[in-house]
Amino acid sequence: MTGEVLVFAESSAGTFRKSAYEAITEGRRLADLLKVDEYALAIGTGLREKTNELGKYGANKVLLADDPSLELFNADYFRQIALDVARRTSPSIILAAATSTGKDLAPRLAVHLNTALASECTHLDFDSGQLVATRPAYAGKVLLKVKVKSKPSIATLRPNVFTAKEASPQRTPAVEVVEFKKANSRMVAKEFVTHGSKKLDLTEASVIISGGRGMGGPQNYRILEELAEVMGGVVGASRASVDAGWRPHSDQVGQTGRTVSPTLYIACGISGAIQHRVGMINSKVIVAINKDPEAPIFGFADYGVIGDVFEVVPALTREMKEFYGKN
Amino acid sequence: MIVKALALGADKAVLLKSEETNSDPGSISRAIANELKSHEFDVLLFGKKGVDDDNQQVGQMVSELLDIPCVTQIVKLDISDGRAVAQREVEGGAIVVETSLPASFTAEKDLTIPRYASLRELVAARKKPIVVKTVQLQPPSLEVISVQNPPPRSPGKIVGKGVEAVPALIRLLHEEAKVI
């Protein structure tokens, strides 16, 4: 018997993340191929009224654990709930987004269910009934195809790679409430702290303005912040500028930082070393602004401007402001 | 690599060797957990992921097998009075997590700045014990079936030089790429 597709639908402050809808959409596709139902697992707070959202993207049923103590990710609680649901249902596939939460949770499920997990997948497929996942490795230098030979087969999906699409037909999912034991936690998730102003995370942003060594110092990132504000984007950084202490590590795009795939990535004063490239190469459109015409970034940017970032970026901000004023 | 770890502060090292090639994190985690059962510890520290397969699974799996709490992707760790307080980096900020000990943690890049070992430490490290054990790994459930090069991204166009290129760039982003 083929079991259903179970998808962990991650939420934040009572709202499902975009990556949750991406995972539900991909889960629906797999469920249709297998001719089974798709179940969504929602863990968080304030989600009771939101379960129909998951039906829009294709879930037949929502398993819901909704409690104020689940507002922040607590691995002990989330593992207990997810494991309970995985054991009570009989999924053949379990999906989650490859976010900090999904990447923490999925291996815990895999080891308890005595099965394997393909991390940060960019494509899923079947080969003689077994899940075959495509995933980047060696910092994106190669793409591996891996087969998950055990059931349930688990995969985490890299955010912004799969497209969230409303299903046809849309469903009004049945909701089943999942109980959990609060005593069973050795840890307390105490509070959420932000770095300065609360802003969109790089992995969720559709426009990223990134600065590298060419920015010359931390004070000069102001011009990037201004452009980001006009365009509704966020500011990222290269490893060189993070290692220099100009920007926090959470801003770093690349091998040891975030992997991003925004609609528009504007690289300012970034040479485009391999370790940066692997973190942003899946952006839809890449713009490079660099005074060095030989910079490797021009070898893979869609649009290049050769010039001084301190002249080009403020001009771009002015003209973008005008553009957005008209459009 | 092991000598370097000993030079930077470890007192002894255990190297688990396997005859077969098996990169399934589940198999590797079971071997590590099995070994750790015969050791006493308050804290286990892992890196958040290996820089080869980028699986990011072993720290959590070992901890679940040993039934100890595990906080992943930490950028800060304080330990006092038998409890640990860690900050784990997440989208848009960090979550402060307090946990009982023994516990395990997987390190994000900002946790510490690795220093260089001094010559004296490197010499002393050569005298520290390295126990080598051969282990049998559980057969993999995750199998690599192909390795490909990612599709190349071809260079686009140079719009122009300096400030003069800005209007053309905006026009191209709007009309050709349709991203603004």
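Conventions we followed
- Residues numbered from 1 in each chain as written.
- Chains lettered and ligands numbered in written order.
- Predicted model: local features only at pLDDT ≥ 70, side-chain atom pairs only at ≥ 80, totals over all residues.
- Helix = DSSP H or I, 4+ residues; strand = E, 2+ residues; numbered from the N terminus.
- Rg over C-alpha atoms; globule rule 2.2 N^0.38 Å.
- Buried ≥ 20, exposed ≤ 12 C-beta atoms within 10 Å, placed from the backbone.
- Contact = placed C-beta atoms within 7 Å.
- Nonpolar A, V, L, I, M, F, W, Y, C, P; charged D, E, K, R; others polar.
- Pairing = 2+ DSSP bridges.
- Axes fitted to C-alpha atoms, helices over the stretch in contact; angles between N-to-C directions.
- Right-handed = clockwise from strand over helix to strand, strands pointing away.
- Domains from an automatic or database assignment.
- Parallel < 35°, antiparallel > 145°, perpendicular 65-115°, else oblique.
- Left-handed = near helix turned anticlockwise from the far one by under 90°.
- Core = buried A, V, L, I, M, F, W, Y, C linked by C-beta atoms within 7 Å.
- Arc of directions from axis to C-beta.

**Quick look at the overall build of chain B**
Scanning chain B for helices and strands turns up five helices and nine strands. Each helix (α) and strand (β) of chain B, taken in turn from the N terminus, gives the series α-β-α-β-α-β-β-β-β-α-β-β-β-α. Taken against the 2.2 N^0.38 rule, which gives 16 Å for 180 residues, the C-alpha radius of gyration of chain B at 23 Å runs more than 25% over that of a compact globule. Each of the three principal axes of chain B carries a C-alpha extent, and together these read 65 × 45 × 40 Å. Per-residue burial over chain B gives 31% buried out of 180 residues. For chain B, long-range pairs separated by at least 24 residues make up 64% of all intrachain contacts whose partners lie at least 6 apart in sequence.

**So, the interface of chain B and chain A**
Counting residues at the interface gives 63 residues for chain B and 75 residues for chain A. Elements with a contribution of two residues or more to the side of chain B that touches chain A: helix H2 (25-36), helix H3 (58-66), strand E3 (70-80), strand E4 (83-90), strand E5 (93-100), strand E8 (142-148), strand E9 (157-161) and helix H5 (166-176) of chain B. Residue contributions to the side of chain B that touches chain A peak at eight residues, all from E5(B). Here the residues of the side of chain B that touches chain A sort into 30 nonpolar, 19 polar and 14 charged. In this structure, strand E10 (residues 142-148) of chain A lies alongside E8(B), joined through six bridges in antiparallel fashion. Of the residues in E8(B), the one forming a bridge with Val146(A) is Val144(B).

**Digging into the sheet that holds strand E18 (residues 303-306) of chain A**
Pairing between the strands of a sheet comes from backbone hydrogen bonds, and it takes one of two forms, parallel or antiparallel. The sheet built from six strands is open, its strands ordered E15(A)-E14(A)-E16(A)-E17(A)-E18(A)-E9(B) with parallel pairing. A strand with exactly one partner marks an edge of an open sheet, and here the two such strands are strand E15 (234-237) of chain A together with E9 of chain B. Strand-to-strand twist of the sheet, defined as the mean angle between neighbouring strand axes without regard to direction, takes the value 20°. Note that strand E16 (residues 264-268) of chain A and strand E17 (residues 285-290) of chain A share five bridges and pair parallel. Looking at E17(A), one finds that Tyr265(A) is bridged to Ile286(A). On top of the sheet, helix H5 (residues 222-231) of chain A reaches strand E14 (207-211), E15 and E16 of chain A; it is set at about 175° to E14(A), its chief contact. Sheet strands in contact with helix H8 (residues 309-326) of chain A are E16, E17 and E18 of chain A, and its direction is about 135° off that of E17(A).

**With respect to the pairing of strand E5 (residues 61-66) of chain A**
For a regular strand, the rule is simple: side chains alternate between the two faces of the sheet. Residue and element names in this part refer to chain A. Of all six residues making up E5, six are buried, and the element is well covered by its neighbours. What you see with E5 is no split at all: Lys-61, Leu-63 and Ala-65 on one side and Val-62, Leu-64 and Asp-66 on the other are buried throughout. In this structure, strand E4 (residues 38-44) lies alongside E5, joined through six bridges in parallel fashion. Residue pairing for E5: Ala-40 is matched across the bridge by Val-62. At this point the chain moves from E4, through helix H2 (residues 51-56), to the parallel E5, and the crossover so formed is right-handed. For E5 and strand E12 (residues 174-177), the ladder comprises four bridges, and the chain directions are parallel. For Leu-63, the partnering residue across the bridge sits in E12 and is Glu-176.

**Some remarks on the environment of Ala124(B)**
Its location among the elements puts Ala124(B) in helix H4 (residues 119-125). Judged by the 13 C-beta atoms lying within 10 Å of it, Ala124(B) falls in the partly exposed class.

**Some details on the domain arrangement of chain A**
All names here are of chain A. Assigned domains within chain A: domain 1 (5-177) and domain 2 (202-326). Each partner contributes to the interface: domain 1 provides eight residues, whereas domain 2 provides nine residues. Of the residues belonging to the side of domain 1 that touches domain 2, the class tally is three nonpolar, two polar and three charged.

**Brief notes about the pairing of strand E1 (residues 5-9) of chain A**
Residues and elements named next belong to chain A. Burial of E1 is extensive: five of the five residues sit out of reach of the surface. Residues of E1 alternate between two faces, with Val-5, Val-7 and Ala-9 on one and Leu-6 and Phe-8 on the opposite face, all of them buried. Where E1 meets E4, five bridges bridge the pair, whose relative direction is parallel. Bridging from a neighbouring strand, Val-7 pairs with Ala-40 of E4.

**Concerning the packing of H5(A) against H8(A)**
Residue and element names in this part refer to chain A. At a minimum axis separation of 9 Å, H5 and H8 run at an interaxial angle of 15°. Here H5 is positioned roughly parallel relative to H8, judged by the angle of their axes. Where H5 crosses over H8, the handedness of that crossing is left-handed. Facing Ile-223, Leu-224, Glu-226, Leu-227, Val-230 and Met-231 of H5, the residues of H8 in contact are Val-313, Pro-314, Leu-316, Thr-317, Met-320, Lys-321 and Tyr-324.

**Some thoughts on the nonpolar core**
Residues Val7(A), Ala9(A), Ile24(A), Ala40(A), Leu41(A) and Ala155(A) are the most contacted members of the largest nonpolar core, which totals 82 residues. Here this core gets seven residues from one element, more than from any other, and that element is helix H3 (residues 75-88) of chain A. The residues contacting Val7(A), other than those within four sequence positions of it, are Ala23(A), Ile24(A), Gly27(A), Glu38(A), Ala40(A), Leu41(A) and Leu95(A). By size, the runner-up hydrophobic cluster in this structure holds 50 residues, among which are Val207(A), Val253(A), Val309(A) and Leu172(B).

**So, H5(A)**
Residues and elements named next belong to chain A. Taken together, the buried positions of H5 are Ile-223, Leu-224, Leu-227, Ala-228, Val-230 and Met-231. Along the axis of H5, the buried residues cluster in a sector spanning 160°; they form a single face. Within two residues after H5, Gly-232 carries a phi angle of roughly 70°, on the positive side.

**Considerations on the sheet that holds strand E8 (residues 123-127) of chain A**
If you trace the four strands from one edge of the open sheet to the other, you get E8(A)-E9(A)-E10(A)-E8(B), paired in antiparallel fashion. Two strands in the sheet have a free side with no partner beyond their single neighbour: E8 of chain A together with E8 of chain B. On average, each strand axis in the sheet is tilted by 30° relative to the strand beside it, whichever way the strands run. Of the pairings in the sheet, the one linking E8(A) to strand E9 (residues 130-137) of chain A comprises five bridges and is antiparallel in character. Among the inter-strand pairings, Asp127(A) is bridged to a residue of E9(A), identified as Gln130(A).

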